[in-house]
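# Coordinates in review
Below, each chain spelled out in residue letters.
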Amino acid sequence: MSFKEFNFDGLVGPHHNYAGLSFGNIASTGNAQTPSNPQKAALQGLSKMRTLLSLGIPQGVLAPQQRPDVSALRNLGFIGTDADVIRSASQQCPAIFQSCMSASSMWTANAATVSPSPDCANGKVNFTAANLVNKYHRSLEPEFTRTLLQRVFPSRQHFHHHAVLPMSEHFGDEGAANHTRLCSNYGTAGVELFVYGKVAFDGSVPSPKKFPARQTLEASQAVARKHGLSPSKVVYAQQNPDVIDAGVFHNDVISVGNSNALFYHELAFAEPAQLKADLTAAYEGHHPLHLIEVKNKAVSVSDAIQSYLFNTQLITLENGSMALVAPTECQKTASVETYLKDLMQQNTPIQQVEFIDVKQSMANGGGPACLRLRVVLNDVEAAAVNQACLMSETKIAALEQCIKRYYRDRVEVADLADMTFIQECHEALDQLTQLLDLGSIYPFQQSF
Ligand SMILES: NCCC[C@H](NC(=O)CCC(=O)O)C(=O)O
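Sequence positions are assigned chain by chain, starting from 1 and proceeding in written order. The model is predicted, so local features are restricted to residues of pLDDT at least 70 and side-chain atom pairs to those at 80 or more, both for listing and for counting; the totals for chains, interfaces and linings are taken over all residues.

Paired strands are those between which DSSP finds at least two bridges. A run of H or I in DSSP counts as a helix once it spans at least four residues, and a run of E counts as a strand once it spans at least two, with each numbered from the N terminus. Spatial ordering of the open sheet is given by S3-S4-S5, a layout of 3 strands whose pairing is mixed. Since the sheet does not close on itself, it has two edges, and those belong to strand S3 (112-115) and strand S5 (159-162), each with one partner. Strand-to-strand twist across the sheet, computed as the mean angle between neighbouring axes with direction ignored, equals 15°. Relative to strand S4 (residues 125-129), S3 runs antiparallel, the two sharing 4 bridges. Each residue of the ladder has a partner; that of Val114, found in S4, is Phe127. Residues are treated as contacting if the C-beta atoms built from their backbones sit within 7 Å of each other. The axes used here are C-alpha line fits, helices contributing only the stretch in contact, and every angle between their N-to-C directions lies in the interval 0 to 180 degrees. On the sheet, helix H7 (residues 142-152) packs against S3, S4 and S5 and is oriented at approximately 155° with respect to S4.

Attention now moves to the environment of Gln351. Among the structural elements, Gln351 can be located in strand S14 (residues 350-356). With 11 residues separating them along the chain, Gln351 and Leu340 place their C-alpha atoms 9.9 Å apart. Ignoring anything within four residues of it in the chain, the contact list for Gln351 reads Ser321, Met322 and Met344.

The sheet built from 3 strands is open, its strands ordered S2-S1-S15 with mixed pairing. Lying at the two open borders of the sheet, with one neighbouring strand each, are strand S2 (59-62) and strand S15 (372-378). The mean inter-strand angle of the sheet, taken between neighbouring strand axes irrespective of direction, is 30°.

The next point concerns the site of the ligand. Near the ligand, the surroundings consist of 21 residues, among which Leu21, Ser22, Ser28, Ser104 and Cys370 are the closest. The class makeup of the residues in the shell around the ligand is 8 nonpolar, 11 polar and 2 charged. In this analysis, residues qualify as near a molecule or strand once their C-beta atom, positioned from backbone atoms, comes within 6 Å of it. Here the nonpolar group is Ala, Val, Leu, Ile, Met, Phe, Trp, Tyr, Cys and Pro; Asp, Glu, Lys and Arg are the charged ones; every other residue, Gly included, is treated as polar.

Before going further, it helps to examine the confidence of the model for the chain. A score between 0 and 100, pLDDT records how confident the predictor is in each residue. For the chain, the average pLDDT comes to 97, and 100% of its residues sit at 70 or higher. Across the assembled chains, the prediction reports ipTM 0.99 with pTM 0.98.

Structure (structure tokens):
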């Protein structure tokens, strides 16, 4: 049976905006209140999907979420019609309203943790939608994400969707942004590496001082248990608290893995020597494991954050070598540009770099890797996916047409409470559900 790694990218929503909601994510807070361009953002995302398809990587798409989340606002005591709720919340509590208007579900690396069937005791692909409790705007995502994943991966025979972890900081879970799978071949049991920022139930373990650690060890362990992973094939590693304080809010800002390669910064982990030993012990297979460490003197942590060198997609090409799909910011950061030229000369599996423009997403701290959820599927599992959510040139063109017609090219934070704008966003979402064969998944489609 042949296994392939699919990328399911989040389609940027029509309400994409910069509200400065993510403390600890320097791009998000730095671009607060800047006008956004949802149309361009969504088209940049689709262009990235086209690039991946052209490189031979199967591509899927996950629809955006409905915003504003009116039921969340009602739960905070705002009453009346939806328009009343929106008006009073935006006037009385603008920051809370903006949180309920975020398009943050586009970063599907945070949607869920996914374990492929060869790793799981039940022999199915296991999904746990991430609770994202550390940020209020993101904590509104998990239940819809779970429902959406069930519509995209509907077969109970092949897919298992677990309940979201408890909505408590003790079990803060940010999904695949802190999870990497290393394997000799996609179809053999892999090593699942879970990276956490703090230990919730043991205050003696060092944790960051300035910015929050969004993922706990206890959350990672719970996901590994729920997915039925073999303990000998699971590795846990703590993120270096100092890099979280420097702005590395998820591990995928400082490391990326694929197949038999882990590409990471020297300062990414609290105990790198232990991690290397643990990975080497757990990993097995014909292809040797490559641990590609980027020294701090070659690329500083701050250059890594600015360029998103590690928020690249590391993919296996048809000829067996690997490519990095990197944001154009990597070409503009001198140390990174020099490093990448040097990397191409080294004897590692990474032989190619493709640069892509996702600036609209980058301005909120989301690079190429944040925009995708990786799902390893065999042929039978792939056939059981909702086929309307798999990308082809025809599907990309249809989505582009929809976006050009329904998405605005400029949105300011002041526009977010405008009922005409909200109505336009709902029309766009309604069109998307038809193109992606999702049924009436949004609350506004169910209230008639
Ligand atoms: N993996 C990348 C996630 C980026 C995301 N940014 C945001 O939510 C910013 C939203 C805003 O500030 O408007 C986050 O920090 O979780």
